Structure formats: structure tokens, C-alpha cells
Amino acid sequence: MYHNDLIIYNSINKKKEIFHPIHKKYVGIYVCGPTVYNHIHLGNCRTFVFFDVVYRYLKHLGYQVRYVRNITDVGHLENDRQSYQDDKIIKRSRIEGLEPMEIVQKYTISFHNFLRKLNLLPPNIEPTATGHIIEQIDIIQQLICKKIAYISNGSIYFSLKNYTKLYTYGILSKNKIQNLFNKKTHFSNEKYSYQDFCLWKRSIHNHIMNWNSPWGIGFPGWHIECSTMSTKYLGKIFDIHGGGLDLKFPHHECEIAQSVAFYNDENCFARYWMHTNMLTFNGQKMSKSVGNTITLKDLVEKKNISPNVIKFFILQTHYRNVLNFSEKNLLNAKNGLNRIIESIQKLQSFDEKNMLENNNNFNVFIWIKKCYYAINDDFNIPLLIYYLFQATRVIDSLSIENMNKYYFNFFKSYIIYFVFHILGIQNETKNNSDKKLQILIEKIQHIRQYFRMQKNWIISDKIREELGSIGILLKDKKLF
RNA sequence: GGCACCGUGGCCGAAUGGUUAGGCAAAGGUCUGCAAAACCUUUUAUAGCGGUUCGAUUCCGCUCAGUGCCUCCA
């Protein structure tokens, strides 16, 4: 009724395109999840928060969505400038003195815990790399048969030279093979050429992150897991592939190459590519390797910042723009969000009997339509937020009194829908369901009102001050 | 060196070939016992230079500044 076509910026051709799913009514979406070797930081969150909105909105449009987000629990090699590349999880396990799978368990739980706090919906399938070793070996074996991959010293590498004899490389990143060489980076001398990437790594350590393969004991490379699991659960061709912009190259480019070679079809794999831009801190990308990360754990547990505020802060910037973190911006978001939430509460508690049944010049249906236009235009959430602020002005100026009931109910249900269901903001006051506490506060207010009637400003101001110190703000009305 | 992106007030941020949304902050006012909240009012911006155009912040080119990726990263 209200929505026009959904338009998505497809980063493979850098154009905004009308979204047409492959199968009517069904959407398959794959998003690259975290490597679970540490607590997730704010930059990681941005991607997951954004795709949660995408997931929620696609469902809202009536699609049956299969949202797959993987957990990388093996194979993410760390280039430590030595001849041997180590797995991130194995490296971490040495630092913490735990088995690799204990590291995986610890940080997977932490990941889920914080995503739940941010009120993100769980994906439909959350596959792990270690759970798909057999499938990965199978694909690697076929790539070897096709002479796209080669064995070297017990490890397997993807040959870009052979790949480019049959297919075009670099369609996503626009990189040309001859330009890829970077003097700064050392590369394993197992590889025939610098641009080749690892599919299977022979193990030289004796630990439990090893598996038997036709080529001996080892573990899979990083890129192969995503090709394997995305097509396993979504099919050879699927609708949307998402992830952070930093994964565009090499990770996503490698995923495409592996899949194209495996299926022998250049039109296979994802139809729409969506990349979320980076979150910066003091103008520099927040990343674990730079060491300028702020974790959700710090913000929520140490600085007592509501996950809602963090989420709203993230969503205030369009997903394709760089988002710079600062405490001031976070405070900015906090005040803005408060305003929206308070307006909605005012709307929810508004008694319809007070309505004047007059027409006013705020057209609810045009407002709803504009909100849909904003989301449909490549998920322009900042513009949606602007319309939400417009709505708060209507509510706060008591223009709602002049709305008719029919308009009012539409307005109420849609603003609630946009804020709580599409953006997934949590209605925190509802969670504070301690009834005794509520009654206690009411009693104290009642006592204070008594002192106010007595014009005992010293005591009544003291009560206000004390309640204010624990975040309970009193809004007095006219006394007489 | 290669590929890509970006530059909008004090801060954050949309939009647009033709009066530049909004939020936060600031100032003044209304309201209030005083505050707070809310409401009303106000100030400040399209990096620079050139081109296309009747008209450019928007399109094109150059310069300057910044960011990301180049086989570690959401």
C-alpha cells in the first residue's frame, strides 16, 4: 500500500538498482560474520546492526528471508611477516593459555551476548567453518581437478594465473592482477605467485585445530568457508551478499573466484553486493590490528551507555559513509534518541478522549509514505530519522489533539513500527517492569507534592535532586 | 605505485541544476515557586581554482586535504 520499490546500491556495478529477488517472495542473504578470537568492537557492530535492519525490513516487506551469517572459527590467517602464517585463533589460544576451541567458545558466547543486548535478531542459519570442513575439502578437491588450484608443500593454493585463462578476475574490487603486488608485504614461498591465495594450509603445529585431508593434516583457508557455506545454504545463485568494506578485497573477490571456478559459471554467486563503510576513531579506522578499538563491553559495562544509544548512533549515519566515533557524538545520539522515545511514550499514554476531532495540517499518510521512501532509497535511515524527529515535533506540540482517531491510530502504530520493529530500538521503560519500584517512585512523588503544596521548597527540591541523581527526572505541572 | 571513496555550520548529519532538512550544542523569550521538559525566536556551512550552464553546493576537470583496500581486519 505504502511502499514503492526497494532500491539497493549494488557495489559490484556501483549503481542503485531496484531489488528483484531471484525467487518471488524469497530472499537469501549472506553476511560475513566475525572471526571469534576477541570481543567484538564498535566497528564490527556497525555491519551487524545495519544488516539487522535490512533483515527486519525485508521481512516487513513480506519476503520469506533466509539470513545466513557465519562464524569464522578457523582458517583466518594472520600475516606476521614471517614465512609461516599463523591462524588468528591459534595465536590467541597461546596468549590466553586455552585450547583453540575454548577461545572459539568464549568469544562466540561474547559475540552473541552483545548482539542480544543490541536487540539484533539471530540469523536463520549461523554456520561455522569448523562445522563444514568436509564440504570445504570437497570444493578444494574439485578445484584441484580443474587445475585452478595446486598443491605445494602440503598446502593448497588458488592459481589466479589459471583462473584468468578462463574467467575475468577483479569484477568486484576493480583490481587488476598485475597491480596487486605490494612491496611491503612478504609472502609465503610455497605460493607460485604472489597473487595466489591459500585454500588449505598444512599444519606444522600439533594441536586440535587440524583435520585430515587428502593432502595430509591441516586446516582450511579463510575465503573458502564463505564460498562453501553461502552456496550450501542459499544455492549457487543467491540474492544479497553483505559485509564490511574492508572485506571487499581480497575476501569477497576470492569468494567470487572460488565459486565461479567451482560452478564453472561466471553468473553464479551473489546478485547484489552490499558493503558497510568503516567506523573510524579520531579519523582512523577502528581495527584490532591498529589497536584503537572500543569494545561494546567497555561502553556498556564500564561507561554504562545504553545499547540503544549505541545502535541509534550507528544508524544516524548512512551505511555507505564513514562513521566517526567520539563520546560527544554518542551523547548527541543519546539526547536525540531520548527525545524520540519520550514522544512515543507520550503518544502511547495519550487519551483518545481528549481528541478534538478536527483536521490539522499534518498528513499522516504522506508522512508514512515519506518514511517508506527513505528506507527504500538504499536504506536511507538518517533520512528516516529526520522524519521521526518531524513526528516528535507534531507530538510534542500537541498537534495530535487535532487528529482524528483513524489518523491517530495509524500514526501511532507506524511510528512504533519504524522505531521498535524496523530499527529494532528497545522500549526500555517496558523492560523496567519492577512494579514495586514504580509504586515506590509514585509514593515519593506524592510526598513531594505534599511538600510543594506546603511551599516547602527545600525538601521538595532535595527530593527532586536525589531522584535526578539516579536518572529519575521529574516534570512538574502548575501547582495551583 | 595500483584500485576505490570522501570534503556541507561549533559538532553530527540528509537532500538538491533554481528559497540549502533536521538533530545536538549555544543565545533570548513563554511556561514554572525555582528548575527540568516542552513550545516560540535567533546566529553560523556546501575545501580551493577553473569549465559547462540563464543559473553549480549538485555535472565535468584540476589542485589541496583526508580515508579505505592492495592477500591480517566488519
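Rules and cut-offs
Residues numbered from 1 in each chain as written. Chains lettered and ligands numbered in written order. Predicted model: local features only at pLDDT ≥ 70, side-chain atom pairs only at ≥ 80, totals over all residues. Heavy atoms only, no water. Axes fitted to C-alpha atoms, helices over the stretch in contact; angles between N-to-C directions. Helix = DSSP H or I, 4+ residues; strand = E, 2+ residues; numbered from the N terminus. Parallel < 35°, antiparallel > 145°, perpendicular 65-115°, else oblique. Contact = heavy atoms within 4.5 Å. Buried < 20%, exposed > 50% of the residue type's maximum accessible area, 1.4 Å probe, protein only. Pairing = 2+ DSSP bridges. Expected span 1.5 Å × (residues − 1). Near = heavy atom within 4 Å. Polar contact = N/O pair within 3.5 Å; in protein donor to acceptor, adjacent residues only side chain to side chain. Nonpolar A, V, L, I, M, F, W, Y, C, P; charged D, E, K, R; others polar. Phe/Tyr/Trp six-rings, centres within 6.5 Å; stacked < 30°, edge-to-face > 60°. Lys NZ or Arg CZ within 6 Å of the ring centre and 35° of its normal. Core = buried A, V, L, I, M, F, W, Y, C linked by side-chain atoms within 4.5 Å. Domains from an automatic or database assignment. Salt bridge = Lys/Arg side-chain N within 4 Å of Asp/Glu carboxyl O.

## Some words on the packing of helix α4 (residues 133-145) against helix α6 (residues 222-234)
Two elements in contact, α4 and α6, have axes separated by 9 Å at closest approach and are oriented at 105°. Relative to α6, the element α4 lies roughly perpendicular. Of the residues in α6, those touching α4 at E135, Q136, I139 and I140 are I224, E225, T228 and K232.

## Some details on unusual backbone geometry
Here the bond from F249 into P250 is cis, since omega is 5°, no more than 30 degrees from zero. Within the element layout of this structure, P250 appears in helix α7 (residues 248-263). For K14, which is not glycine, the phi dihedral falls at a positive 60°. Looking at the element boundaries, K14 is found in the loop between β1 (7-10) and β2 (15-18). Judged by relative accessible area, which is 51%, K14 ranks as exposed.

## Re the sheet that holds strand β12 (residues 269-276)
With parallel pairing, four strands are arranged side by side in an open sheet as β4-β3-β11-β12. Each edge of the open sheet is held by one strand with a lone partner, namely β4 (64-69) and β12. Averaged over all neighbouring strand pairs, the angle between strand axes comes to 25°, with direction disregarded. Bridge analysis of strand β11 (residues 237-244) against β12 gives seven bridges, and the strand direction is parallel. Its bridge partner lying in β12, F238 is registered against A270. Against the sheet, α6 makes contact with β3 (26-31), β4, β11 and β12, and its axis sits at roughly 165° relative to β3, the strand it touches most. Helix-sheet contacts for α7 involve β11 and β12, and the interaxial angle to β12 is about 175°.

## Things to note about helix α1 (residues 42-60)
Taking 1.5 Å per residue as the helical rise, α1 with its 19 residues ought to reach 27 Å, and the 27 Å between its terminal C-alpha atoms agrees with that figure. Among the 19 residues of α1, 16 are classified as buried, and the element is accordingly described as predominantly covered. Count one or two residues on from α1 and you reach G62, which has phi positive near 100°.

## Focus on the protein's contact with RNA strand B
Neighbouring residues of RNA strand B: 70 residues in total, closest Y194, W222, D246, L247 and Y386. What you see for RNA strand B is that sugar and phosphate hold 66% of its atoms within 4 Å of the protein. Interatomic distance of 3.0 Å between a backbone N/O atom of F249 and a sugar or linking oxygen of RNA strand B. When grouped by side-chain class, the residues that make up the surface near RNA strand B number 20 nonpolar, 32 polar and 18 charged.

## Examining the packing of aromatic side chains
Scanning the model with the defined rule gives 34 aromatic pairs in all. In this structure, K191 packs its charged tip against the face of Y194, placed 5.8 Å from the ring centre. Positioned over the ring face of Y9 is R320, at 3.8 Å from the centre of the ring.

## Focus on the nonpolar core
Membership of the largest hydrophobic core comes to 101 residues, with the highest contact counts inside it found for W367, F379, F411, I415 and F418. Here this core takes 11 residues from α1, the largest share from any one element. Looking at which domains feed residues into this core, each of domain 1 (22-276) and domain 2 (325-430) gives three or more. Aside from chain neighbours lying at most four places away, what touches I415 is I344, L347, W367, L388, A391 and I395. Within the second largest apolar cluster, 39 residues are counted, among which are Y30, Y163, W200 and I224.

## Here we look at the domain arrangement of chain A
The parts lose accessible area when they come together, and the size of an interface is often stated as this lost area. Taken domain by domain, chain A consists of domain 1 (22-276), domain 2 (325-430) and domain 3 (434-469). Its C-alpha centre places domain 2 at a distance of 30 Å from the equivalent point of domain 3.

## Observations regarding the environment of Y450
Inspection of the secondary structure puts Y450 in helix α15 (residues 435-453). By relative accessible area, which is 52% here, Y450 ends up exposed. Sequence separation between Y450 and S460 is 10 residues, and the spatial gap between their C-alpha atoms is 8.6 Å.

## Things to note about the environment of D351
For D351, the position within the fold is in the loop between α10 (327-349) and α11 (364-376). Residue classification places D351 among the partly exposed residues on the basis of a relative accessible area of 38%. Measuring from C-alpha to C-alpha, the distance between D351 and N153 comes to 76 Å, with 198 residues separating the pair along the chain.

## What about the pattern of salt bridges?
Counted according to the given criterion, the structure contains 21 salt bridges. The partner of E96 in a salt bridge is R92, and the shortest N-O contact between them spans 2.8 Å. Of the two residues, E96 and R92 are both situated in helix α2 (residues 88-96); the distance of four residues between them amounts to about one turn of the helix. Classification of R92 as partly exposed rests on a relative accessible area of 21%. D476 is the partner of R464 in a salt bridge, and the nearest nitrogen-oxygen pair spans 3.5 Å. In this pair, R464 sits in helix α16 (residues 457-469) while D476 sits in the segment after α16, placing the two residues 12 residues apart along the sequence. Among the residues examined, R464 registers a relative accessible area of 37% and is labelled partly exposed. Salt bridges here are not isolated pairs; linked through shared partners, they connect R448, R452, D461, R464 and D476.

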